[in-house]
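The chain contents come next:
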Amino acid sequence: MNIILFGGTFNPFHNGHYLMLKTICKMEKTDKVLVIPDHIPPHKTTDYLASDQDRINMCKAVCDEFSKAEVSDIEIIRKGKSYTVDTVNELKKTYIHDDFYFVCGADMISILDKWYNWQELIGKVTFLAFSRNDNGKFIEDVNRMKKLGAKIEIISTPIPDISSTSLRNKLDENYLPKCVYDYIKEKGLYNA
């Protein structure tokens, strides 16, 4: 079985994330997508982080629209910083004979060799890389990581460049799935 791991802070889950999820759910190779909200993102700081439960609930609301997608709270339960390699190692105990793919954007591909235990990680997953704006740097980063041994497949679906920080500061329903926007308004998140 091919399991696609789609991790992120999802603070909030916006239309860029939605389009990525929709794209990977439509891929023929996809058997299951695990949407994995992180507990503490190791690679960035945030001005405001919605509660773990609120982020899980937003992800669940979106996953309900896709038969292949489900939310995993593996990183929330584990606590501490959410390192991808630890998540993959833990999931391998359950999905022993399955192949793992990991979704990431151009910004993550560019710093992949700075991730915690990245050398171990690249031997365990194939990366599905989405480019926001391909200015040539993305292809350079992909080629550089391939030379270091990473398996990377480029997904050509253009993804809008949406800033979660901007959305937290000024909610715009045009950039959020309706179910997420409704949840944010109902719960009063991000000063809604």
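For the structure itself, consult the block above.
Quick caveat, the model's predicted, so the values are computed rather than measured.

Cut-offs used in this document
- Residues numbered from 1 in each chain as written.
- Predicted model: local features only at pLDDT ≥ 70, side-chain atom pairs only at ≥ 80, totals over all residues.
- Heavy atoms only, no water.
- Helix = DSSP H or I, 4+ residues; strand = E, 2+ residues; numbered from the N terminus.
- Buried < 20%, exposed > 50% of the residue type's maximum accessible area, 1.4 Å probe, protein only.
- Contact = heavy atoms within 4.5 Å.
- Salt bridge = Lys/Arg side-chain N within 4 Å of Asp/Glu carboxyl O.
- Axes fitted to C-alpha atoms, helices over the stretch in contact; angles between N-to-C directions.
- Left-handed = near helix turned anticlockwise from the far one by under 90°.
- Nonpolar A, V, L, I, M, F, W, Y, C, P; charged D, E, K, R; others polar.
- Phe/Tyr/Trp six-rings, centres within 6.5 Å; stacked < 30°, edge-to-face > 60°.
- Lys NZ or Arg CZ within 6 Å of the ring centre and 35° of its normal.
- Pairing = 2+ DSSP bridges.
- Right-handed = clockwise from strand over helix to strand, strands pointing away.
- Core = buried A, V, L, I, M, F, W, Y, C linked by side-chain atoms within 4.5 Å.

Draft legend 1. The side chain of Thr23, seen in detail. If you trace the backbone, Thr23 turns up in helix α1 (residues 15-26). Given a relative accessible area of 13%, Thr23 falls into the buried group. Residues within four places of Thr23 in sequence aside, it is in contact with Phe130, Ile155 and Thr157.

Draft legend 2. Representation of the pattern of salt bridges. Within the structure shown, the criterion is met by 11 salt bridges. With a closest N to O distance of 3.1 Å, Arg78 and Glu90 form a salt bridge. Residue Arg78 is located in helix α3 (residues 74-78), and its partner Glu90 is located in helix α4 (residues 84-94); the two are separated by 12 residues in the primary sequence. On the basis of relative accessible area, Glu90 is assigned to the partly exposed category, the value being 31%. Glu120 serves as the salt-bridge partner of Lys124, at 3.0 Å between the closest nitrogen and oxygen. In the salt-bridge network here, residues are joined through shared partners; they are Asp113, Lys114, Lys137, Asp141 and Arg144.

Draft legend 3. Just the packing of helix α2 (residues 52-63) against helix α9 (residues 178-187), in detail. Interaxial distance between α2 and α9 falls to 9 Å at its minimum, and their mutual angle equals 150°. The two elements α2 and α9 meet at a crossing, and its hand is right-handed. Contacts from Gln53, Asp54, Asn57, Met58, Ala61 and Val62 of α2 reach α9 at Cys179, Val180, Tyr183, Ile184 and Lys187. When grouped by side-chain class, the residues that make up the contact of α2 with α9 number seven nonpolar, two polar and two charged.

Draft legend 4. Seen up close, the packing of aromatic side chains. Summed over all chains, the structure comprises 10 aromatic pairs. Each ring, one from Phe10 and one from Phe13, has its centre 5.0 Å from the other, and the planes form 25°; the classification is stacked. Residue Phe10 is classed as buried on the basis of its relative accessible area, which comes to 2%. For Lys92, the ring lying beneath its charged end belongs to Phe100, and the centroid distance is 4.7 Å.

Draft legend 5. Molecular detail of the side chain of Asp52. Positionally, Asp52 belongs in helix α2. Using a relative accessible area of 19% as the deciding quantity, one classes Asp52 as buried.

Draft legend 6. Highlighting the pairing of strand β2 (residues 32-37). With six of six residues buried, β2 is to be regarded as a mostly interior element. Across the two faces of β2 the burial is the same, with Lys32, Leu34 and Ile36 and Val33, Val35 and Pro37 all buried. One ladder, built from six bridges, connects strand β1 (residues 2-8) with β2; its direction is parallel. Paired with Gly7 across the two strands is Ile36, which belongs to β2. Where the polypeptide runs from β1 across α1 and back to β2, its parallel neighbour, the crossover connection is right-handed. Bridging between β2 and strand β3 (residues 69-71) involves three bridges; their strand directions are parallel. Looking across to β3, one finds that Leu34 is bridged to Glu70.

Draft legend 7. Here's a closer look at the nonpolar core. In this structure, Phe6, Phe13, Leu21, Ile24, Val33 and Val35 are the most contacted members of the largest nonpolar core, which totals 33 residues. Sequence-distant contacts of Ile24, defined by excluding residues within four places in its chain, comprise Ile4, Phe6, Thr30, Val33, Val103, Leu128 and Phe130. By size, the runner-up hydrophobic cluster in this structure holds 28 residues, among which are Phe100, Leu121, Ile122 and Phe127.

Draft legend 8. Here's a closer look at the environment of Leu112. Structurally, the position occupied by Leu112 is in the loop between α5 (106-109) and α6 (118-121). Judged by relative accessible area, which is 0%, Leu112 ranks as buried. Taking the C-alpha atoms as reference points, Leu112 and Ala150, separated by 38 residues in sequence, lie 9.4 Å from one another. Beyond its immediate chain neighbours, meaning those up to four positions away, Leu112 contacts Trp118, Phe127 and Met145.

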